[in-house]
Amino acid sequence: MKPVLIYSGTTEGKKLANLLAKQKINTIVCVATEYGEMVMEESDYIRVNTGRLSKSEMAELVCKETPIAVIDATHPFAKAVSEEIKDSIKNIDIPYYRLSRDTSYDDNSNLLVFDSIEECVSQLKNTSGNILLTTGSKDLEKFCTYESIKDRLFVRVIPSIDSISLCEKSGIFGKQIIAMQGPFSVELNMATIRQYNIKYLVTKESGKTGGVDEKIEAANKLGIKTFMIANKEGVKGISFSKVVSQLEKLLEVKNLQEKIKISLIGIGMGNPDTLTMKAKKLIEEADYIFGAERIIEPYNAKIEKKEYYLAKDIIPYIDQINNTKDEALNIVVLFSGDTGFYSGCNNLNEKLKNKGYSNIDIVPGISTISYLASRIGICWNDAKIISLHGVCFDEWKTSVFTDIKYTPKIFFLLSNVKQLKSLAELLKDKFGEAKVILGYQLSYKEETITYTTVNELNSMVDNLQEGLYAMFLFNEKYILRKASNSINDEEFIRGKAPMTKAEVRDLSISKLKLNEKSIVYDIGSGTGSVAVGIAGLSGDIKVYAIECNKDAVSLIDQNITKFGCSNVFVIKGMAPSAFRGLEVPDCAFIGGTRNKLFPILEELYKMNNNLRVVINAISMETAQLLFEIPKQFNVIDYEVVQIQINRAKMIGNYNMMHGENPIFVCSFNFVKE
């Protein structure tokens, strides 16, 4: 394929060359100086031609390379060079595109604009104080005509031998030379102004990529004037995105540049006053705005805003924009709160990436918990965070008491009054006296913050207005979670059902190698002692206690209530048929089998071929079966341990040892065949 010839003297030229190189398109980049070559990124697809070319040399280069297109990306003030580039391809059928830089600027306060360098110099003669000259070295001699100006100049130029030589040729030496490569932030410009006690900053109208906005903002913040030399470029060009679009047609390729920039923005509570400065700027620049009706209502898009907040609606619309628009466009999607706090942002971001969009910027907002904590003057780093926003309350409420009893401070994010009412009703029996701070419509003019208790909340909730609520609950009676959950046998409600004894129970639970979100089957649960022991380790563990005996099922229910284990679910039925419809486990404890050990294991293996299994066996017949398991299943980490527990009992004046039945504890992991 023929190369693209780029005459580069700007950031845009370098950017275009790199863009083409990434698509494995050959480019020839002409730069005037060795420094211009040095800042180009290395690539097998970029060939740099260094040195200023005459019109005839340009013509020779075109004849030799026969480029598919010539791109003029020289400096906006390089009118003479642009004319020579155009003349070099005169009468040759090669497309020419003048890449025009955006030379607008955001702020014109404290700004004086001059039509020429001569006019600017004339005005500088009438000033006093140091001058920061940021117009480069090419026209430096024009500013050094008068000693009264030259002695006050501090010249910022690129760090090249050519630039330094031009400074010295014009009589600028030593401390008057600031040799630095941009880009320069507002902060760095301000530091330079302070360091050299600058009173006037001189710049060309070289556009946003030339750092004009940052210069003007720095000067304004420090109360000094900016002198700007206007861009009187005679050759009008086209934007970067339009040049890319034209090259896509010539090269017969698609998506050289992703035209769409997507900003996913958290707007905080909703009040525009709580937006970050970056979020405000992006929203002001947005061509399209997406979000829920309430969220996007205060804002205006340059082209259109749509009440879309689901990926299934947003992405097809962005695809349509991308396929029908040639120009670069800014798309903003607004989310309530913070993008990283129970937000739909992550889901949309992943789906956009899967569709091939990469120019995505995520801008965080102020989260509800952060806002409410600041309004009431507390920290929230030690709070348990529970979001019920968009969550089925019935699914969550089973673990609520475990969440609360171990935690002094809990934050609830709620959807509506109905959810708040359900929560208050659920909490009143065990946490009725707990203190509550309730936030309503936070950041809006309707905002209220109410200090109350759970009991008082139940009496007032029917009279609350509909809207968005958030709540802190303070549990002064919280307890510390045990490092282990060993429970004495005497603490369980027993009945006639068999029960795994404490020492065997503790060892068996340890062998399960649980994690804090395990899903466990307790098969042949008996009194539920193992299920209760497991459930007490973490409120996020789910235990399915599977038992076929109705009296034992009643005992399990009683023990669940006694120990407050809302994360144990009793399943009445015979294993393995009782597994039907349950969540897939990652661990299983087998305490009773009714002579169905291998059918149970076969079904468990089908459900999860990476399952962790622990089996207790008391009879020799069952113990014998344990040694057949490695022969019939693929297992690793296989182990059989026999334990014998002896307890001392007082008989008269003597302690006599009383032996419990010996138990075989078998543990292993299934592995895939």
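Residues numbered from 1 in each chain as written. Predicted model: local features only at pLDDT ≥ 70, side-chain atom pairs only at ≥ 80, totals over all residues. Heavy atoms only, no water.

Here the focus is unusual backbone geometry. Put simply, Ala575 and Pro576 share a cis peptide bond, and its omega is 10°. Residue placement: Pro576 occurs in the loop between strand 24 (568-572) and strand 25 (587-590). Unusually for a residue other than glycine, Tyr342 sits at a positive phi of about 50°. Along the chain, Tyr342 turns up in the loop between strand 15 (329-335) and helix 15 (345-354). We note that Gln441 has phi near 45°; this positive angle belongs to a residue other than glycine. The residue Gln441 is located in the loop between strand 19 (435-440) and strand 20 (448-453) in this model. Assessed through its relative accessible area of 15%, Gln441 is described here as buried. (Helix = DSSP H or I, 4+ residues; strand = E, 2+ residues; numbered from the N terminus. Buried < 20%, exposed > 50% of the residue type's maximum accessible area, 1.4 Å probe, protein only.)

Attention now moves to the nonpolar core. Counting residues in each nonpolar core, the largest one holds 31 residues, and the members touching the most others are Leu601, Leu604, Ile615, Ile629 and Phe670. Sorting the residues of this core by element identifies strand 22 (519-523), strand 23 (542-547), strand 25, helix 24 (597-607), strand 26 (612-617), helix 25 (620-626) and strand 30 (663-670) as the ones contributing at least two each. No other element matches helix 24, which puts 6 residues into this core. With near-sequence residues (within four places) excluded, Phe670 lies in contact with Leu601, Leu604, Tyr605, Asn608, Asn609, Asn610, Leu611, Val613, Phe633, Asn634 and Val635. (Core = buried A, V, L, I, M, F, W, Y, C linked by side-chain atoms within 4.5 Å. Contact = heavy atoms within 4.5 Å.)

Moving on, we come to the packing of helix 14 (residues 311-324) against helix 15. The geometry of helix 14 relative to helix 15 is characterised by a closest axis approach of 10 Å and an angle of 40° between their N-to-C directions. Crossing handedness for the pair helix 14 and helix 15: right-handed. Where helix 14 approaches helix 15, its residues Ala311, Ile314, Ile315 and Ile318 are matched on the opposing element by Asn347, Leu348, Lys351 and Leu352. Taken together, the residues that form the contact of helix 14 with helix 15 break down as 6 nonpolar, 1 polar and 1 charged. (Axes fitted to C-alpha atoms, helices over the stretch in contact; angles between N-to-C directions. Left-handed = near helix turned anticlockwise from the far one by under 90°. Nonpolar A, V, L, I, M, F, W, Y, C, P; charged D, E, K, R; others polar.)

Right, let's talk about helix 21 (residues 502-511) for a bit. Think of an α-helix as 3.6 residues a turn; residues three or four steps apart then line up on the same face. Buried residues of helix 21: Ala502, Val504, Arg505, Ser508 and Ile509, and no others. Looking straight down helix 21, one finds its buried side chains confined to an arc of 160°; they lie on one side. Where helix 21 is buried, its residues touch helix 22 (529-535), strand 25, strand 26, strand 27 (635-643) and strand 30. Where helix 21 ends, the next residue or the one after it, Lys513, has phi of about 55°, a positive value. (Arc of directions from axis to C-beta.)

Right, let's talk about the sheet that holds strand 21 (residues 469-474) for a bit. Taken together, 5 strands build an open sheet; the order of strands is 17-18-21-19-20 and the sheet is mixed. Each edge of the open sheet is held by one strand with a lone partner, namely strand 17 (384-387) and strand 20. Going from strand to strand, the sheet's axes swing by 15° on average, the running direction of each strand aside. Taken strand by strand, helix 16 (residues 368-376) contacts strand 17, strand 18 (409-414), strand 19, strand 20 and strand 21, and its axis lies near 60° from that of strand 21. (Pairing = 2+ DSSP bridges.)

Bringing the environment of Thr11 into the picture now. With respect to the helices and strands, Thr11 occurs in helix 1 (residues 11-22). The spacing of Thr11 and Pro183 is 172 residues in sequence and 9.8 Å in space, taken between C-alpha atoms.

With that settled, consider the packing of aromatic side chains. In this structure the tally under the stated criterion is 21 aromatic pairs. Each ring, one from Tyr605 and one from Phe670, has its centre 5.1 Å from the other, and the planes form 85°; the classification is edge-to-face. Taken together, the positions of Tyr605 in helix 24 and Phe670 in strand 30 put the pair 65 residues apart, joining distant regions of the chain. On the basis of relative accessibility, which here comes to 16%, the residue Tyr605 falls in the buried class. Under the relative-accessibility criterion, Phe670 is labelled buried at 0%. Following the ring pairs from residue to residue traces out a cluster consisting of Phe598, Tyr605, Phe633, Tyr638, Phe668 and Phe670. The ring of Phe240 has Lys15 sitting right over it, with the charged end atom 4.5 Å from the ring centre. Above the face of the Tyr146 ring, Lys125 is positioned so that its terminal group lies 4.4 Å from the ring centre. (Phe/Tyr/Trp six-rings, centres within 6.5 Å; stacked < 30°, edge-to-face > 60°. Lys NZ or Arg CZ within 6 Å of the ring centre and 35° of its normal.)

Within the secondary structure, Ile571 sits in strand 24. Given a relative accessible area of 19%, Ile571 falls into the buried group. Spatially, the C-alpha atom of Ile571 lies 6.6 Å from that of Tyr544, the residues being 27 residues apart in sequence.

Okay, the sheet that holds strand 6 (residues 111-114) next. What the 6 strands build is an open sheet, ordered 6-11-10-7-8-9; its pairing is parallel. Of all strands in the sheet, those bounded by a partner on one side alone are strand 6 and strand 9 (177-179). On average, adjacent strands in this sheet sit at an angle of 20° to one another, irrespective of strand direction. Looking at chain direction, strand 7 (residues 130-133) and strand 8 (residues 153-157) are connected through 3 bridges and run parallel. Following the sheet pairing, Ile131 is matched in strand 8 by Leu153. Strands in contact with helix 9 (residues 186-195) are strand 7, strand 8, strand 9 and strand 10 (198-204); relative to strand 10, the strand with the most contacts, it is inclined by about 135°.

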